[in-house]
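Observations on chain architecture
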Amino acid sequence: MICPKCGTNNNDTSNFCIKCGSDLKTLNTQNTTPNNIDSSINLANQNLNQQSPVNQSVNNNITGQSPYINNTVPNPTIKNSQVSFAIFDYLMYLVNVLLKPFKTYKEKESKLSDTKASIILSLIITVIMTIINLISTVISVVHISKYVYGSGYKYTWQWSNLKNIKWFSVIFKNFLIYAGAIVGIAAIFYIASLIIKKEIKFIKSLSISATCAIPMIAGSMILSPIVSKIWTPLGIIFAMSGIIYSFLILYELINDEIKLEKDTKIYFNLACFITILIIGYFILSKVLLGSISSLF
């Protein structure tokens, strides 16, 4: 046993140093202090920190820590699911707008603010309007009335009349007109918002424009022709209800987006709606209520 005080080598069983007489047991106990223990622990930690990256990764997995130190390695990019809009979502959106238009739009606003989703919604609305108009045109051309002696006028189907329809005008021309109307309404409010320095994003304006067309499709293009077969005045009521409903949705969504003062709101909407009425009159007169003779 070495004396901690003078360095003399003593027997292991010695209690006192043979040279200086120091108490060996007391000195050895004092040398094993907490500071020495802490030093040993720090030295062990330093050795652990100097281990290889493989061992570091294993230790991290054991302790539940990330294998990347201080997030130096970026996480993979996760696609934002709020922007993606499945086809089922579009179909449910069309139905829900008829029941709860304002609430439905606000719930899907973040998705419809995306350029792709807004354009797809506008295209879906345009295609639906074009298909409905095509079906209505075909029925009006082939389902004609003829006078039968002794029985009066009776309806009959003349499928041979299909060859006389100008399909380009019925499909492509009307598609462009409907798409132009949706984009035109969006552009009107977008330009108007720039004029009053309350800019609204054009994509949002386009989504609102497409949304407000849904009640008009249901009322004026679907229900009105069906109900008119039963009673013409009731068909007119359905058509007007669909148009008015669309205007109310447009008014609420645009004003919620722009948030104008009361006086400014009146003039702003009045100017925009007058312009829209002109566009609406053009669509109704040239497309929806166009004469059959223009299709031959």
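Shown above is the structure to which this text applies.
Right, let's walk through the structure included here. Bear in mind that the values here come from a model prediction, so they are computed numbers and not experimental data.

**Side note on helix α7 (residues 115-142)**
Over its 28 residues, α7 extends 41 Å from the first C-alpha to the last, a length consistent with the 40 Å expected when each residue adds 1.5 Å. Where α7 begins, one side-chain oxygen reaches toward the backbone nitrogen of K116, 3.3 Å away; that side chain belongs to D114.

**Looking at the nonpolar core**
In terms of nonpolar packing, the biggest core is built from 38 residues, with L121, I125, F189, L250, I254 and F268 touching the most fellow members. When contributions to this core are tallied by element, the ones reaching two or more residues are α4 (87-99), α7, α8 (167-195), α9 (202-228), α10 (232-258) and α11 (262-288). Residue contributions to this core peak at eight residues, all from α9. Residues V138, V141, V142 and V170 belong to the second largest nonpolar core, which totals five residues.

**Here we look at the pattern of salt bridges**
Across all of its chains, the model carries four salt bridges by this definition. The shortest N-O distance in the salt bridge between E109 and K106 comes to 2.9 Å. By relative accessible area, E109 is classed as buried at 13%. According to the relative accessible area criterion, K106 is partly exposed, its value standing at 33%. In this structure, K204 engages E109 in a salt bridge whose closest nitrogen and oxygen atoms are separated by 2.7 Å.

What counts, and where the lines are drawn
- Residues numbered from 1 in each chain as written.
- Predicted model: local features only at pLDDT ≥ 70, side-chain atom pairs only at ≥ 80, totals over all residues.
- Heavy atoms only, no water.
- Helix = DSSP H or I, 4+ residues; strand = E, 2+ residues; numbered from the N terminus.
- Expected span 1.5 Å × (residues − 1).
- Polar contact = N/O pair within 3.5 Å; in protein donor to acceptor, adjacent residues only side chain to side chain.
- Core = buried A, V, L, I, M, F, W, Y, C linked by side-chain atoms within 4.5 Å.
- Buried < 20%, exposed > 50% of the residue type's maximum accessible area, 1.4 Å probe, protein only.
- Salt bridge = Lys/Arg side-chain N within 4 Å of Asp/Glu carboxyl O.

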